[in-house]
Number of protein chains: 2
Amino acid sequence: MKISRKAQLCNLSPMRKFHPYSVAAKQRGIRIYHLNIGQPDIPTPPAYFEAIRNFDQPVLAYEASPGMPEMIEAVRKYYGRIGISYSPNDILITTGGSEALQMLMLCILDEGSEIIVPEPFYPNYNTFVRSAGGAIRPLTTTPEEGYHYADRAKIEALINENTRAIMFTNPGNPTGAVLTHDEMRMLADVAREHGLFIIGDEVYREFIYADEPLASIGEFDDIADNAVIIDSVSKRFSACGARIGTIITRNKELQQQLLKFCQARLSVATLDQVASAALYGVDPDYFDVVRDEYRLRRDTCYNKLISIPGVVCAEPKGAFYIMAKLPVDSADAFQQWMLTDFEDNGETVMFAPGEGFYATPGMGVNEVRIAYVLQQADLERAMDLLAIGIERYNNRNN
Amino acid sequence: MKISRKAQLCNLSPMRKFHPYSVAAKQRGIRIYHLNIGQPDIPTPPAYFEAIRNFDQPVLAYEASPGMPEMIEAVRKYYGRIGISYSPNDILITTGGSEALQMLMLCILDEGSEIIVPEPFYPNYNTFVRSAGGAIRPLTTTPEEGYHYADRAKIEALINENTRAIMFTNPGNPTGAVLTHDEMRMLADVAREHGLFIIGDEVYREFIYADEPLASIGEFDDIADNAVIIDSVSKRFSACGARIGTIITRNKELQQQLLKFCQARLSVATLDQVASAALYGVDPDYFDVVRDEYRLRRDTCYNKLISIPGVVCAEPKGAFYIMAKLPVDSADAFQQWMLTDFEDNGETVMFAPGEGFYATPGMGVNEVRIAYVLQQADLERAMDLLAIGIERYNNRNN
């Protein structure tokens, strides 16, 4: 029995790579602070659970393939509030942002197609691109430059006849980098001039810590046919387990192609759509409270990091991740050692080693991604453990 | 902006093709009996809704990528009750049987790969196969032969160096055909001898109307590495809107490849897993009641059909569909006419025209699939409308 070539080109998740070591450490009684996975600890708004409790139909039936009309309308109104006008047909509801990405890649990539993505990037992009037969053409950035990627010359140098799209997460996962309005305008121009799709994964939209309002790739009317937004309730409402996302485009041809995949998988979970629609009715103050909390954590995390000698990182402007270069030979080896040989008062810390966030071999070897999704006190302790760990790791053979 | 070749090779759903005409007919005040979609009307067991109401965690978090352990255990125990022993690692929970099929095709098909599927088949198979770059190699059957496909010589004639798998729905959608134990043994032998995956889509397992117990492709220990089961709670528990399915295989290499796709999409909806696990705890009598109800409907539907002059169909042995050849020039033209030009006491009927269930061009033109998912009285009326419609359609120009 043969396994497909494209499956073999995919990887297991770098965030879950050290799971067996963490299980073993916990069995030895070690407490682990998890900075490796972007699972927020903020409570899901109660509106979600109330909506589900109030569901009173006797048959849990298929919903419409493009999405429950109430859910589409909730998303449409949300975009209206940030000044972007969509029609219901522009919005397809998906099983998380993940399914949105999977369907989109199947619609736009063939064997040999390329998609330009700044690296480091969200590692699952690689699986979605590979599974469609394509390859990521990485736009390499460095910690020394603050992972800045909005460079027209660098981007245009990567475009060739196989290029189908430019895709980025904004605010950025794993870097926390945020595009200015002018930078996004430039990216939009490049996409228009070269006839490429431009895909904005904007699931972290509310998590920005600067004063300038965040730009969305949906704002630029002259690239209505190029632009695709990937969105989700997972981070916005701390509802990762709902698996409700959306794919938004005004491109009629793409809508029609996506609809084939929506119909093939019949529908998205009914109750999760009912409840997610209710989430969009929460008081907008909710976002302010959450944003303030994450800003505090960002500050804690960043200040602790830059006080460690030899660390290179830029202050993240959004999302809830920070990418940093550590003064260690290998983040993989260091993480493993932290789980097998280290403890401080019975505690250690996990992060996501950086290599898996790059497509270019050899990049990111001594970088890590830290998700600041813990309460303030735990976050401080976790960052202190990282500092103690680095020092002891580098002196382990002395 | 380019659309992928593989997306262009996919089709919109034949079940939903006449949706615009049905909307127009309803606007004219026509009542439509829907025999076109397999949405059961049987109530979902209350255990589903109770489990969701009792969920009391404040954060709706990601579940484990392979599936919630309780859900995996529920599936494992269910298979144990039908005499098939699986370990937890053999079972991956998916977003419906649909995602199970999508992931499986991505894991086993490359550009140019073939998969043997008896036709007529569930049309969405085509999208999952095409999206992975492969093609369905149809094993053609006819209404005159009762859509019988378990023919070793015919199957072996279709196998070539590109063949990766044999896949079938058993009990069958759209035909209601059911394999005997000996027929399944033969298919298992062919798969083993030729080194092919053998994929049993067994989501209709409980819906059988003969006395012989149903065979499962999971029963044959000598093809443990070849066999893959696709399963779901959708039809079993009348919970289509839960979108909870499963992919089951003892093939370790395939498990590892599937896990990459499970990790890439992070997890399956948390509450739907909690509630679906509870469904597996319902009293087994539930299946007897449901089966008796569907057997009555099958009898009604079949008896009404064979009393129409010129209809060719075999008595379905399972699932809740019947495929039949009608005495009309074109099922597509007839369906359209039934929605635009026909009514009897303000009522008409919808079915799924047969052409979309075939891969071979020109096949199924005058066939239809009927889903017997209505209450007895409605089903009788719907079948009478079909009979009246056929007569008037064939005399429309007289």
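Just above, that's the structure.
So, here is what we can say about the structure in this document. Note that the structure is a prediction, hence the values are computed from the model and not measured.

A closer look at the overall build of chain A
On a plain count of helices and strands, chain A comes out with 13 helices and twelve strands. Here the C-alpha radius of gyration of chain A, 21 Å, is about what a compact globule of 398 residues would show, namely 21 Å. Overall size of chain A, expressed as C-alpha extent along the three principal axes, is 65 × 55 × 55 Å. Per-residue burial for chain A yields a buried fraction of 64% across its 398 residues. Restricting the contact set of chain A to residue pairs at least 6 apart, pairs at least 24 apart contribute 76%. Taking the 38 positively charged and 52 negatively charged side chains of chain A as two groups, their mean positions are separated by 5 Å.

Structural notes on the layout of surface pockets
Taken as a whole, the largest pocket encloses approximately 990 Å³ of empty space. Along the wall of the largest pocket there are 36 residues; nearest its centre are Arg16(A), His19(A), Ala64(B), Ser65(B) and Pro66(B). Breaking the lining of the largest pocket down by element, the ones donating at least two residues are helix H2 (19-27) and strand E1 (31-34) of chain A together with helix H4 (69-81), strand E2 (91-95) and helix H9 (252-264) of chain B. The leading source of residues in the lining of the largest pocket is H9(B), at five residues. The space that makes up the second largest pocket amounts to roughly 770 Å³. Lining the second largest pocket are 25 residues, with Arg16(B), His19(B), His34(B), Asn36(B) and Ile37(B) sitting closest to its centre. Going through the elements one at a time, helix H9 (252-264) of chain A together with helix H2 (19-27) of chain B are the ones with two or more residues in the lining of the second largest pocket.

What about the interface of chain A and chain B?
On the chain B side, the residues contacting the 80 residues of chain A number 80 residues. Taking both partners together, chain A and chain B bury about 6,500 Å²; carbon and sulfur atoms supply 58% of that area. Contact with chain B buries area across many residues of chain A, yet Met1(A), Leu60(A) and Tyr62(A) alone supply 12% of it, more than any other trio. There are two salt bridges connecting chain A and chain B. A salt bridge links Lys6(A) to Asp110(B); the nearest nitrogen and oxygen atoms lie 3.7 Å apart. The interface formed by chain A and chain B holds 39 residue pairs in polar contact (both at pLDDT 80 or more) in total. Listing elements by their share of the side of chain A that touches chain B, those giving two or more residues are helix H1 (5-8), helix H3 (47-53), helix H5 (96-108), helix H6 (124-131), H9 and helix H10 (270-279) of chain A. Per element, the largest residue contribution to the side of chain A that touches chain B is nine residues, and it comes from H9(A). Its residues placed into classes, the side of chain A that touches chain B shows 37 nonpolar, 26 polar and 17 charged.

Observations regarding the relation of the copies chain A and chain B
One copy of the chain maps onto the second through a rotation around an axis plus a translation along that axis. Between chain A and chain B, which share one sequence, the superposing operator has a rotation angle of 180 degrees and an axial displacement of 0.0 Å; the RMSD is 0.0 Å. The superposition of one copy onto the other is thereby described by a two-fold rotation axis. Among all residues of chain A, the minimum C-alpha distance to the rotation axis is found for Arg53(A), at 2.7 Å. In this assembly, 100% of the residues forming the interface of chain A have copies in chain B that are likewise at the interface, indicating an isologous arrangement.

Some words on the packing of aromatic side chains
Under the criterion given, the structure shown has 44 aromatic pairs over all chains. Between Phe55(A) and Phe49(B), the aromatic rings sit 5.9 Å apart at their centres with planes inclined by 25 degrees, giving stacked as the arrangement. Here Phe55(A) is found in the loop between H3 and helix H4 (69-81), whereas its partner Phe49(B) is found in helix H3 (residues 47-53) on a different chain. Taking relative accessible area as the criterion, Phe55(A) reaches 9% and is therefore assigned buried. For Phe49(B), a relative accessible area of 10% translates into the label buried. Plain terms: the ring middles of Phe207(A) and Phe320(A) are 5.4 Å apart, the flat faces sit at 70 degrees to each other, and that makes the pair edge-to-face. Of this pair, Phe207(A) sits in the loop between strand E6 (197-201) and strand E7 (227-232) while Phe320(A) sits in the loop between helix H11 (285-306) and strand E9 (321-325), and the two are 113 residues apart along the sequence. On the accessibility criterion, Phe320(A) (0% relative accessible area) is buried.

Concerning the nonpolar core
With 196 residues, the main nonpolar core has Leu305(A), Leu386(A) and Leu305(B) as its most contacted residues. Residue contacts for Leu386(A): discarding those within four places in its chain leaves Leu305(A), Ile308(A), Leu326(A), Phe334(A), Val349(A), Phe351(A) and Ile370(A).

Focus: the pairing of strand E12 (residues 367-371) of chain B
Residue and element names in this part refer to chain B. Most of E12 is tucked away, with five of its five residues classed as buried. Here E12 shows a buried face lined by Glu-367, Arg-369 and Ala-371 and a second buried face lined by Val-368 and Ile-370. Judged from the five bridges that link them, strand E9 (residues 321-325) and E12 form a sheet pairing that is antiparallel. When the sheet's bridge partners are listed, Ala-324 is paired in E12 with Val-368.

Concerning the packing of H6(A) against H9(B)
Pairs of packed helices are described in terms of their axes, by the angle between the two and the distance that separates them. Between H6(A) and H9(B), whose axes approach to 9 Å, the crossing angle comes to 120 degrees. Compared by their axis directions, H6(A) and H9(B) come out oblique. In terms of crossing hand, the pair formed by H6(A) and H9(B) is left-handed. Contacts between H6(A) and H9(B) involve Asn124(A), Thr127(A), Phe128(A) and Ser131(A) on the former and, on the latter, Lys260(B), Phe261(B), Gln263(B) and Ala264(B). Taken together, the residues that form the contact of H6(A) with H9(B) break down as three nonpolar, four polar and one charged.

What about the pattern of salt bridges?
Residue and element names in this part refer to chain B. Under the criterion given, the structure shown has 66 salt bridges over all chains. For Asp-344, the salt bridge goes to Arg-381, with nearest N and O atoms at 2.9 Å. With Asp-344 in the loop between helix H12 (331-340) and strand E10 (347-350) and Arg-381 in helix H13 (residues 376-394), the pair connects residues that are 37 residues apart, well separated along the chain. Residue classification places Asp-344 among the buried residues on the basis of a relative accessible area of 16%.

Considerations on the pairing of strand E7 (residues 227-232) of chain B
All names here are of chain B. Within E7, six of the six residues are buried, leaving the element largely enclosed by the surrounding structure. Both strand E6 (residues 197-201) and E7 contribute to a ladder of four bridges, which runs parallel. Bridge assignment links Ile-199 to a residue of E7, and that residue is Val-228. Pairing of E7 with strand E8 (residues 244-249), which is carried by five bridges, proceeds in the antiparallel orientation.

Quick notes on the rules
- Residues numbered from 1 in each chain as written.
- Chains lettered and ligands numbered in written order.
- Predicted model: local features only at pLDDT ≥ 70, side-chain atom pairs only at ≥ 80, totals over all residues.
- Heavy atoms only, no water.
- Helix = DSSP H or I, 4+ residues; strand = E, 2+ residues; numbered from the N terminus.
- Rg over C-alpha atoms; globule rule 2.2 N^0.38 Å.
- Buried < 20%, exposed > 50% of the residue type's maximum accessible area, 1.4 Å probe, protein only.
- Contact = heavy atoms within 4.5 Å.
- Lys, Arg positive; Asp, Glu negative; His and termini not counted.
- Charge placed at Lys NZ, Arg CZ, Asp CG, Glu CD.
- 1 Å grid on protein atoms, 1.4 Å probe; cavity = no way out; pocket = protein on both sides within 12 Å on 5 of 7 lines; lining within 4 Å.
- Points joined across faces, edges and corners; volume = space filled by probe spheres on them.
- Buried area = accessible area lost by both parts, 1.4 Å probe.
- Salt bridge = Lys/Arg side-chain N within 4 Å of Asp/Glu carboxyl O.
- Polar contact = N/O pair within 3.5 Å; in protein donor to acceptor, adjacent residues only side chain to side chain.
- Nonpolar A, V, L, I, M, F, W, Y, C, P; charged D, E, K, R; others polar.
- Least-squares fit on C-alpha atoms with pLDDT ≥ 70 in both.
- Phe/Tyr/Trp six-rings, centres within 6.5 Å; stacked < 30°, edge-to-face > 60°.
- Core = buried A, V, L, I, M, F, W, Y, C linked by side-chain atoms within 4.5 Å.
- Pairing = 2+ DSSP bridges.
- Axes fitted to C-alpha atoms, helices over the stretch in contact; angles between N-to-C directions.
- Parallel < 35°, antiparallel > 145°, perpendicular 65-115°, else oblique.
- Left-handed = near helix turned anticlockwise from the far one by under 90°.

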